[in-house]
Structures are given as structure tokens and as C-alpha cells.
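# Residue-level structural notes
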Amino acid sequence: MTVDDTGSGAGAQRGPDDGPGRSTGTGTGTGTGTGTGTGSAGTDAHKIPDVEDEKADGESAKNPLALQLEQLILGADRRYTPFQAARSAGVSMELASRFWRAMGFPDIGQAKALTEADVLALRRLAGLVEAGLLSEAMAVQVARSTGQTTARLAEWQIDSFLEGLTEPPEPGMTRTEVTYPLIELLLPELEEFLVYVWRRQLAAATGRVVQAADDEEMVDRRLAVGFADLVGFTRLTRRMEEEELGELVEAFETTAADLVAAHGGRLIKTLGDEVLYAADDAGVAAEIALRLIETMANDETMPELRVGIAFGTVTTRMGDVFGTTVNLASRLTSIAPRDAVLVDGAFAEELTRTGDAPASEAQAAEAAAAAEKEGEEPPAYRFALQPMWQRPVRGLGIVEPWLLARRT
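Residues numbered from 1 in each chain as written. Predicted model: local features only at pLDDT ≥ 70, side-chain atom pairs only at ≥ 80, totals over all residues. Heavy atoms only, no water.

### Quick word on the overall build of the protein chain
To keep things clear, this is the line we draw: The way it works is that DSSP assigns letters per residue, a run of H or I at least four long becomes a helix, a run of E at least two long becomes a strand, and they are numbered from the N terminus. Each residue is assigned to one of three classes by its accessible area relative to the maximum for its type, calculated with a 1.4 Å probe on protein chains only: buried under 20%, partly exposed between the two thresholds, exposed over 50%. Computed with a 1.4 Å probe, the accessible areas rest on the Shrake-Rupley method; for each residue, only the protein chains presented here act as cover.
Scanning the protein chain from terminus to terminus reveals 14 helices and ten strands. Across the 408 residues of the protein chain, 38% fall into the buried class. Only carbon and sulfur atoms are counted for the fraction: they give 53% of the accessible area of the protein chain, which is about 22800 Å².

### Some thoughts on the nonpolar core
Put simply, the test is: Joining through side-chain atoms within 4.5 Å is the link that ties buried Ala, Val, Leu, Ile, Met, Phe, Trp, Tyr and Cys residues into a set, and such a set is a nonpolar core. Residue contacts follow a heavy-atom distance rule, with two residues in contact if any of their heavy atoms lie within 4.5 Å.
Membership of the largest hydrophobic core comes to 39 residues, with the highest contact counts inside it found for Ile309 and Phe347. Sorting elements by how many residues they give to this core places helix H11 (residues 282–297) first, with nine residues. Apart from residues lying up to four places away in sequence, Phe347 is in contact with Ala224, Ala282, Ala285, Ala286, Ile309, Ala310 and Phe311. Ranked by size, the runner-up nonpolar core spans 22 residues in total, among them Phe99, Leu114, Val140 and Ala143.

### Points about the pattern of salt bridges
Heads up, the rule is: The salt bridge criterion pairs a side-chain nitrogen of Lys or Arg with a carboxyl oxygen of Asp or Glu, the two atoms within 4 Å.
Evaluated as defined, the whole model comprises 15 salt bridges. For Arg353, the salt bridge is made with Glu350, and the minimal N-O distance between the two is 2.7 Å. Taken together, the positions of Arg353 and Glu350, both in helix H13 (residues 345–353) and three residues apart, correspond to about one turn of that helix. With a relative accessible area of 61%, Arg353 lands in the exposed category. Taking the shortest distance from any N to any O, the salt bridge between Arg407 and Glu361 comes out at 2.8 Å. With Arg407 in the segment after strand E10 (402–406) and Glu361 in helix H14 (residues 361–373), this pair connects stretches of sequence that are 46 residues apart. The exposure class of Arg407 is partly exposed, given its relative accessible area of 29%. Assessed through its relative accessible area of 45%, Glu361 is described here as partly exposed.

### Looking at the packing of helix H3 (residues 82–89) against helix H4 (residues 93–102)
Convention followed: Angular values range over 0 to 180 degrees, each being the angle between N-to-C directions of two axes fitted as lines to C-alpha atoms, with helices fitted over their stretch in contact. Angles below 35 degrees are treated as roughly parallel, those above 145 as roughly antiparallel, those between 65 and 115 as roughly perpendicular, and all remaining angles as oblique. Three categories are distinguished: nonpolar for Ala, Val, Leu, Ile, Met, Phe, Trp, Tyr, Cys and Pro, charged for Asp, Glu, Lys and Arg, and polar for the others, with Gly belonging to the last.
Contact geometry for H3 and H4: axes closest at 9 Å, N-to-C directions at 105 degrees. When the axes of H3 and H4 are compared, the pair comes out roughly perpendicular. For the pair formed by H3 and H4, the contact residues are Pro82, Phe83, Ala85 and Ala86 on the first element and Met93, Ala96 and Trp100 on the second. Its residues assigned to classes, the contact of H3 with H4 comprises seven nonpolar, no polar and no charged.

### Some thoughts on the packing of aromatic side chains
What counts here: In this analysis, rings of Phe, Tyr and Trp, with Trp reduced to its six-membered ring, are considered paired at centre separations within 6.5 Å, and the interplanar angle assigns stacked below 30 degrees, edge-to-face beyond 60, and tilted for intermediate values.
Per the stated rule, a full pass over the model turns up one aromatic pair. Note on Phe193 and Tyr196: the rings are 6.0 Å apart at their centroids and 40 degrees apart in plane angle, and the pair reads as tilted. Separated by three residues within a single helix, Phe193 and Tyr196 lie in helix H7 (residues 175–210), roughly one turn from each other. Taking relative accessible area as the criterion, Phe193 reaches 52% and is therefore assigned exposed. The class of Tyr196 is partly exposed, set by a relative accessible area of 48%.

### What about the packing of H4 against helix H5 (residues 116–130)?
Contact geometry of H4 with H5 gives a least axis separation of 11 Å together with a crossing angle of 105 degrees. When the interaxial angle is binned, H4 and H5 end up roughly perpendicular. On H5, the residues touching Ala96, Phe99 and Trp100 of H4 are Asp118, Leu122, Leu125 and Ala126. When grouped by side-chain class, the residues that make up the contact of H4 with H5 number six nonpolar, no polar and one charged.

Here you go:
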């Protein structure tokens, strides 16, 4: 369907009254889609738009460089209102709004703030629905999961990554003068790296799912879920300066993420003083928990740590995990001793089933004696389990936790 011809292509020549960034609203041009390109914005992208011409652009009039950066990153000029973009993509305005909100973009009224990339993203999502590859609800979920994940990534890159790199190299230069050429150089490299990591993660996740025993287990899987929590973090927030606290949290999250990944687990999310991870194998989850305790104990700058792990059926949605197993792991963490790991009965049973831990020390002694009698090597148990007193756990009834340790 033909779009109202209020704008032309990115390279078209126009008079001063219809420049490429002109808008009648206050949108900041955040409405991008999954198909955005990173090609050169052309010669015009390096020219700061006429300030008088940009007064209608709200925030852009206050900082013309913001519009330049937007054009550089999106690789296109503002061209469409939301209504025009939806009509050009061949979707209803209602569905377009659902997709945009799911991706995390604000309502911008009818400001001319969207680009060809936004139209292409709408076409792609709608096309997947029309082809029967995705339901409409699933397409919205895809938009939401992608938007939430990339929004966090973008915020981190701007706040932490670019902030450190844009320190003016010479006296008299401003940070904004350094930002444009820096982004121009980094953009294609970061885009290629993002796609590479995504493909790697997608391949790993697909491999885990297709190994499930049956169709039901592909959706609701049995996993080991662990929470690791810094002890006394609330008191620390009252004693430490904000910068020191930020450095401590970053060090904790980085250490935890590295250990989880190195030993074959998956970091689900970080919550400042707490991390949530999962593993398909109970032995992997146990090794990660003990490594976390040992690593933090050897760092004098870190508070003490406690870990709780549960094993059972887990529902996964949008990269997160839900269910009774997750709740139980959280409760076990809250009652775990300092620098210790508590696990539930199902996790203890799984460790004994796989031969990673004996059911009891008596059983271990019997197995060792039997092996010696037969002239064989005794079982090489990695972990030890000690039953703790049964206790009520809020919302989950009576549980019998087990203390997990390395077997010496």
C-alpha cells in the first residue's frame, strides 16, 4: 500500500523546510526494529542539522548531535509516522502498536520518527504470523524478549562501555565530540559480534532442548537451580560509598558469571547481591556452588556467601525460570549457613543416583571395603551430603535440607 508521500528516501534532496529529521511531535526516534542496518548514514549524517529547522523535534532541537547519532546508528532518516509505517508494512495500527510496545518503545503519537527499518521489522513479524510459523501471541513474545534483552545490553554499553572510551583525548574537546566518530567505528564490529554470540547461544540452547527425553520434557524440564546470595548486603549499602558498592556488585556478578559459564551452567539473572543459575546436571550445579563459596572466601573484599540448590521440574519462559523448584532454591538460600551450600532432598538423591555423592558415610565405607576386597578402585565420590534438621519453609511446607560439601 502506498504511504502518504510526506518524506522521501535518505538520499533525496530537499529544501530547508522539509529536512530529513523534521518531526511534528516530541518523539526521540527510539522506535527501531529487529532489522535495523548499520550502513553508513551518508555524507549528510556528518552535518549537524539546522537548529531552527529542528525546533519542532523537541529534544533533538536541544541537542542536534542526538539526531546525528540516531541517523548513524539506524542508517536511515526519520521518514514515517507510526500510522504511515504500519500502513506501509501492511499491518493494522493496533498490531503495530502491540509489537512496538513489546519491543520496549514508547508511544510517540503521530510524530514522524520512524524509518524504513521499522517498516521492515513490522513486515517480518507479520510475515512470520501470516506464514503460520508463529502465532500472533508468540510473535509479540519474540518482540518482547528481544526488546528486553537488547535494551539492557544497550544501556550497559552506553553506561559502562562508551563512558570509559569517550574521555576527551585532548584539552578543549568535549565528550560529545568524541562520541560520534567512536560509534561510527565501533558500530559494525559490535553488530557482528552480537550476531555471533547470539548464534552461539542459540545453538547451545537448541542442543540442550532436543536432548530432552520426550516432548513434555522439552517444555517443562528437570533442572538444578541455584541461588547465590551475599550475606549482609543491606548493611553494606549503609556503610559503603555508592562507587565502592557498585564495584563490589560488579566484581561479584563478573566472578559468578565466569564460574557458572566455565563449569557448564547457565546464568539466568543477577539481582545485585544475588545470582540465579541453572544446570542440566546436579554435579555441575554442585561444583559451581562450591567454587563460588571457595572463590569468595579467598577474596577479603567480598562478604560471605550462601547458596541454595533444588532439583526438579522447571518452567522456562523468556530466558527465566519459574516453578516450585525455583522457589525452594530461594528459600534454602535464605536459611543456609554462611559460606555453605544447602540442597533439597531431590538434589541429594540425584547426586547419589549419578555416583557423585554417597547416600551416607556408612555406604561409602561399605563400597570402599567391597572394592578393596575385589582388588578394585573404590568409588571416587566428589561430594559429601549431611542431612540437616527438618524445618518448615514458608509456602512449601516441611523440607529436609542437606548440607553439601566436598568429599575429603
